[in-house]
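# Structural features, examined
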Amino acid sequence: DTHDPPPLVLHGTLDEIVPFAQSDALVEKFQALGIPHRYDRLPGWSHLMDLAPTVYERGLWLVEDVLMTYLADNRLSQN
């Protein structure tokens, strides 16, 4: 629900293990429920997207950005 930390969804459109349509459906549900989230849908990347240094670095940046955003919002709401 909206009291939980915002989820981060990363998914490559060439994923042969988990269809990216599952992430699309999950994100649609987040939107319908008003749950804050971040979705990074990577066109042309497979399930093993973290093997590419630039994509791995992007993933790290996104995790840090979501955490810092959540922590900043959380600190503000506690004051």
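None of these values were measured; they are calculated from a predicted model.

Quick look at the overall build of the chain now. Looking only at helices and strands, the chain has two helices and two strands in total. Counting from the amino terminus, the chain carries its helices and strands in the arrangement β-α-β-α. Based on the C-alpha atoms only, the size of the chain along its principal axes is roughly 45 × 30 × 15 Å. Burial statistics for the chain: of 79 residues in total, 22% are counted as buried. Considering only residue pairs separated by 6 or more positions, the chain has 62% of its internal contacts joining residues 24 or more positions apart. Surface accessibility of the chain: about 5800 Å² in total, with carbon and sulfur atoms responsible for 60%.

With 14 residues, helix α1 (residues 20–33) should cover 20 Å at 1.5 Å per step; its first-to-last C-alpha distance of 20 Å lies within 8% of that length. Listing the buried residues of α1 in full gives Ser23, Val27 and Phe30. Along the axis of α1, the buried positions cluster into a sector of 50 degrees, meaning they face one direction only. Opposite the packed face of α1, turned more than 90 degrees from it, sit the exposed residues Gln22, Glu28, Lys29, Ala32 and Leu33. In the core, the buried residues of α1 are packed alongside β1 (8–12) and β2 (38–42). A positive backbone phi angle near 70 degrees is found at Gly34, which sits one or two residues after α1.

Here the chain averages 87 in pLDDT, and 91% of its residues register 70 or above. The element-level mean pLDDT for the chain is lowest in helix α2 (residues 53–78), coming to 81, with α1 highest at 95.

With that settled, consider a nonpolar patch on the surface. Judged by side-chain polarity, Val63, Leu67, Met68 and Leu71 come together as a nonpolar surface patch covering roughly 340 Å² of accessible area. The residue Val63 is located in helix α2 in this model.

What counts and how
Residues numbered from 1 in each chain as written. Predicted model: local features only at pLDDT ≥ 70, side-chain atom pairs only at ≥ 80, totals over all residues. Heavy atoms only, no water. Helix = DSSP H or I, 4+ residues; strand = E, 2+ residues; numbered from the N terminus. Buried < 20%, exposed > 50% of the residue type's maximum accessible area, 1.4 Å probe, protein only. Contact = heavy atoms within 4.5 Å. Areas by Shrake-Rupley, 256 points an atom, 1.4 Å probe, with all protein chains shown as cover. Expected span 1.5 Å × (residues − 1). Arc of directions from axis to C-beta. pLDDT = per-residue confidence, 0-100. Patch = residues over 30% accessible without salt bridge, like charges linked within 9 Å, V, L, I, M, F, W, Y side chains within 5 Å. Salt bridge = Lys/Arg side-chain N within 4 Å of Asp/Glu carboxyl O.

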